[in-house]
Amino acid sequence: MASRIYADRKIVIITTFVAIGFIYLVRLFYIQIIDRSYTLSANNNVLRYVTQFPARGLIYDRNGKLLVYNEAVYDLMVIPRQVFDVDTAEICRLLDISVEGFNERMKKARDYSPMLASAFEKQISKETYGYIEEKLYRFRGFFVQPRTLRKYPMSIGAHLLGYIGEVTPGQIEKKPYYKQGDYIGINGIERAYEDEMRGVKGLKIRMVDVFNRDVGSFENGRYDTAAVMGSDLYTGIDADLQEYGEKLMANKRGSIVAIDPRTGEILCFLSSPAYDPNLLVGRVRGKNFALLNNDPIKPLLNRAIMGQYPPGSTFKMANDMVGLQMGVITKETRFSCQGPASSPIKCTHNHMSPLDVYMAIQQSCNPFHWQVFRAIMNDPDYENVKARYDVWRNHLLSMGFGRTLNTDLAFELKGNLPPSEVFDKIYGKGHWNAMTIRSLSIGQGEVLTTPLQLVNYASMVANKGYFYPPHVVRSIGNDRNKTKFATQKNVATIDPEYIDVVIQGMTEVFEGSHGTARAYKIDSITMAGKTGTAQTSSGKDNSNFIAFAPVENPKIAICVIVEEAGYGATWAAPIASLMIEKYLTRKVKRKQIEENMINANLLNN
Amino acid sequence: MKEQKGIFRNIDRTLVFLFLALVLMGWVNIYAAVYDTEHSSILDMSQSYGKQLLWILTALVLGLMVIITDAKFFNAFAYPIYGITIFLLVMVLFVGKEIAGSKSWFQVGSFALQPAEFAKFATNLALAHYLSALDFDKRKRSSQLIPLVIIVIPAVLILLQNDTGSAIVYASLSLVMYRQGMPGSVLLLGLTLMILTIMALLFDQFIVIAVIASLLILFVFFIRRTLRNILSVIGIFLIASLFVLSVDYAFDNILEQHQKTRINVLLGKDFDLKGAGYNVNQSKIAIGSGGFWGKGFLKGTQTKFNFVPEQSTDFIFCTVGEEWGFVGAFVVIVLFIALCVRIILIAERQRSEFSRIYGYGVASILFFHFFVNIGMTIGLMPVIGIPLPFFSYGGSSLWAFTILLFIFIKQDSNRLQLV
């Protein structure tokens, strides 16, 4: 057979077969075992890491009323690399956006990361979500992520509760827990209790097919982690009182803060003008924020802790207490008052003279308090005015003036209570004395206080010498223990017997025949208070009032400031009185006063 | 060898075993590739795995029919069989149904038949018949031309159906010619031209020509520098250069865009992963993600969730690679190589020239499919749509490959009888 001579060629052919088989095996070994990038690509194809956002903790008032809850919304997410053959027009139609808007969003997402998911359209309503979900399988690279929005059923307490917003790149860098698009508390207790309320995000790994349809969990959810819900906050806020306060302060600038002196729990915390907290939620947030931010009456300013006001006459008892404590006056000490003819500070009231501390508080006598202040600044126990000033100042610091109170609210300002060095600088060392700084005797001049400091001061007086830092949250989550504030007892450097003196005086503000707030006493409740009519740089006086009640067993301390409204007795005192009545009796009987207060528009004073 | 009785006498059991192993593995992998929980029964006749079982059973019947047919029938009727398939290939151009751009199918009811698949064994039969004829004289010019014609006619007809992949398969029969005495230099020349083509497409044509020139100059130093040798070298240089230039010209002016893109993707010049490169990329991802042991039966994600196209037909190997890992791929490759080598070895033991040549044809065709199909899935070959024999879903191809193989098994079982 002729062709037998070519039989050796079978070797060539078989060798070729085996060699190619071998090459293929080497190649397979490479792509299956050595090069792991294919596994990664396979996971990118199939796996969708869906973050499980925990519901943020709810916020309750002291009676179990809901202040904040969550509502479900949906974010449409996109992974730019996986967007493939998508009907752009359809998406634009569903979301009601323009083609340019589409391209802009895509560019933003791509700039963030082509491989990672970012929000294409945020906070889609349930209805729109319904339409999109039906067609989602046609939008390769898109998926929907459920989220929650904050809702405020009573529309109160905007400044107190604060708001949440998207994290900034800077925050992400500092706290890697957060990813772009996450929400974080920006202000109020949303900020203060961010860590407690946010919970812990979970992760679900889902599988999708080539059409981006969900085809089940990855390995039966073996690697999934559940989201841990955020802790609820139980606050000391009285929602009804808060709502009532906001009603009273409508069309007025100023602030009301009320606390329970026994615990430091804040009962009411408002800054006026207020705004509906629901405005700063969801897709309308950006627009509304800009509107509020540009409003000349500054509704975003939290006056309760950031408004630094001259305390005016509400400050007088502080001087009395220091004078009594230092022994430069006694409860029997009488000073003379020439009324409007007094020098260097005039008196705005006509009353008997000389008068003691009780009467001086009842009638808010300026000359008396100037003389108390002068006595302090001339105390022979100390060698110079600087030393006496420092002693005076330390007493006031112990009452919570001139420093932050370390509450649970962010951005608290410390008011102003300048150290003696400031006067050394202004007037030169040894060149200033009681006369130079006399305005401090009646709560004017350099001294500035926040409403929170004033109410804390009232609370300290109510407690006869101590206070707990004012705070919003009493307990967190299922832990029924009180927050740390309950253990932080601050003791003022004034003995109770001296405080009794000013309490007596403050009681007579309501009860005395010449009391500045006698028009607003309530028969069933003994109240102690002090009016303040503080001069401001604008030339218009702020109406101030501090009070606590009932005197025998104080349950509420309150501070009311109405900016540029006139006498303390005209606005702040009746509002404080109504608030106390509301809180202690749950019902306001003085309808006429109430109506006058609610209807007054003092914005354009 | 123990004498066997009846029709199964002298059947090579290794070949039958390899055949059954591949068919069964193919069936299981088709099931895995298109598995969905709503149709979880492998016998579900509405799904391709259910239908494939039908194809397998009928293929076995066809195999059996081949075995009970007289061995001499195939040699004797080689030309008529060839003629019928050529006729069918022509017919399909007129009455065929177009599926996925190829007009290669006869549609009878819900049943589609692809004559191109059957033309493979028919051509092989005709070729073996011609080359083994007693009056065959390979020195005659016609003896060199006629085998070429036998091969080229079906190839051209299939090309006309727009089924490039199946047409290229016929090139594999050059291995048969090689075994029959075609000079090795012809194959070598083919290989050289292939390398030159790839170089011309990959690099700038003048760089390629410069490289050829330097290689030839180097070559001149090692040979006797007679005038004749030098002239030959210059001639080789001119021809090679002309070839490179014409490849470039042909690529730019004759090929259609989708063909160009496919070639570019293969050569790594085109990284368009969403266009033409998508299939290969997804295929590599599926296989590559299988790892050593694979993801496990029915646990493949890339194939099952349709990331890999044609996952039950041309890209069936992806399921093997993904679900059974390197181990599974290794087994399949070894089985295929074993099948082809076994066929060559058996072919060489034939006393009948026809049987041997036919055997070589079978090995060449099967190997070529294996070579191109698996090479394609792992990115070593261009995307040419030809099935993986016995594995890929499809009645026509399974039937045709079964007949192709079983004719050889029949011839072999008959080898001890007088020619």
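Residues numbered from 1 in each chain as written. Chains lettered and ligands numbered in written order. Predicted model: local features only at pLDDT ≥ 70, side-chain atom pairs only at ≥ 80, totals over all residues.

Caption draft 1: Just the overall build of chain A, in detail. Secondary structure summary: chain A contains 21 helices and 18 strands in total. A buried classification covers 44% of the 605 residues belonging to chain A. For chain A, contacts bridging at least 24 residues in sequence account for 71% of all contacts bridging at least 6. (Helix = DSSP H or I, 4+ residues; strand = E, 2+ residues; numbered from the N terminus. Buried ≥ 20, exposed ≤ 12 C-beta atoms within 10 Å, placed from the backbone. Contact = placed C-beta atoms within 7 Å.)

Caption draft 2: A look at the overall build of chain B. Looking only at helices and strands, chain B has 16 helices and 3 strands in total. Burial analysis of chain B (419 residues in total) assigns 45% to the buried set. Residue pairs in contact within chain B that sit at least 24 positions apart in sequence constitute 68% of those at least 6 positions apart.

Caption draft 3: Quick peek at the sheet that holds strand 1 (residues 47-52) of chain A. All names here are of chain A. Read from one edge of the open sheet, 3 strands run 1-8-9, paired in antiparallel fashion. Unpaired on one side and paired on the other, strand 1 and strand 9 (214-217) mark the two borders of the sheet. Recorded for the sheet is a direction-independent mean angle of 40° between the axes of neighbouring strands. Inspection of the sheet shows strand 1 paired to strand 8 (residues 202-208) by 6 bridges, in the antiparallel sense. From the neighbouring strand, Leu47 faces strand 8, where its bridge partner is Met207. (Pairing = 2+ DSSP bridges. Axes fitted to C-alpha atoms, helices over the stretch in contact; angles between N-to-C directions.)

Caption draft 4: Local environment of the pairing of strand 11 (residues 254-260) of chain A. All names here are of chain A. Most of strand 11 sits inside the fold, with 7 of its 7 residues counted as buried. Residues of strand 11 alternate between two faces, with Gly254, Ile256, Ala258 and Asp260 on one and Ser255, Val257 and Ile259 on the opposite face, all of them buried. With 7 bridges joining them, strand 11 and strand 12 (residues 265-272) adopt antiparallel strand pairing. Along strand 12, the bridge assignment pairs Ile256 with Leu270. Remark: 4 residues form the turn of the hairpin made by strand 11 and strand 12, two consecutive strands paired antiparallel; Gly264 in that turn has positive phi of roughly 85°.

Caption draft 5: Looking closely at the sheet that holds strand 11 of chain A. All names here are of chain A. The strand order across the open sheet formed by 5 strands is 12-11-18-17-16, and the pairing between neighbours is antiparallel. Edge positions in the open sheet fall to strand 12 and strand 16 (528-534), since each of these has one partner strand only. Each strand of the sheet is rotated relative to its neighbour by a mean of 5°, with strand direction disregarded. The sheet contact formed by strand 11 and strand 18 (residues 556-562) spans 6 bridges and is antiparallel. The residue bridging Ser255 from the neighbouring strand is Ile561, located in strand 18. Its contacts with the sheet put helix 10 (residues 239-248) on strand 11 and strand 12, and the angle it makes with strand 12 is roughly 25°. Taken strand by strand, helix 20 (residues 572-585) contacts strand 11, strand 12, strand 16, strand 17 (542-549) and strand 18, and its axis lies near 145° from that of strand 18.

Caption draft 6: Region of interest: the interface of chain B and chain A. Taken together, the contacts link 38 residues of chain B with 32 residues of chain A. Listed by contribution, the elements that provide at least two residues to the side of chain B that touches chain A are helix 8 (174-179), helix 13 (277-288), helix 14 (316-348) and helix 15 (353-377) of chain B. Across the side of chain B that touches chain A, the residue classes break down as 21 nonpolar, 12 polar and 5 charged. (Nonpolar A, V, L, I, M, F, W, Y, C, P; charged D, E, K, R; others polar.)

Caption draft 7: Focus on the nonpolar core. Residues Val257(A), Ala258(A), Val455(A), Ala458(A), Ala547(A), Ile558(A) and Met579(A) are the most contacted members of the largest nonpolar core, which totals 128 residues. The residues that make up this core include at least three from each of domain 1 (48-235) and domain 2 (239-274 + 302-599) of chain A. Filtering out sequence-adjacent residues up to four positions away, Ile558(A) remains in contact with Ile256(A), Ala258(A), Val455(A), Ala458(A), Ile546(A), Ala547(A), Ala576(A), Met579(A) and Ile580(A). In this structure, Phe121(B), Phe305(B), Phe307(B) and Tyr358(B) belong to the second largest nonpolar core, which totals 112 residues. (Core = buried A, V, L, I, M, F, W, Y, C linked by C-beta atoms within 7 Å. Domains from an automatic or database assignment.)

Caption draft 8: Layout of helix 15 of chain B. All names here are of chain B. Here helix 15 is 25 residues long and its end C-alpha atoms lie 36 Å apart, about the 36 Å a rise of 1.5 Å per residue gives. A large share of helix 15 lies buried, amounting to 24 of its 25 residues. Downstream of helix 15 by one or two residues, Gly379 has phi in the positive range, about 80°. (Expected span 1.5 Å × (residues − 1).)

Caption draft 9: Unusual backbone geometry, seen in detail. Residues and elements named next belong to chain A. Of the consecutive residues Ser353 and Pro354, the connecting peptide bond is found in the cis state with omega at -5°. In this structure, Pro354 sits in the loop between helix 13 (316-326) and helix 14 (357-362). In this structure, Pro550 follows Ala549 across a cis peptide bond, with omega equal to -15°. Within the secondary structure layout, Pro550 lies in the loop between strand 17 and strand 18. A positive phi angle, near 50°, is found at Gln123, a position not held by glycine. Within the secondary structure, Gln123 is located in strand 4 (residues 118-124). The exposure class of Gln123 is partly exposed, given the 19 C-beta atoms found within 10 Å. Despite not being glycine, Lys298 shows a phi value in the positive range, around 55°. Among the secondary structure elements, Lys298 is positioned in the loop between helix 11 (285-294) and helix 12 (303-306).

These values are about where atoms sit, not about what they do.
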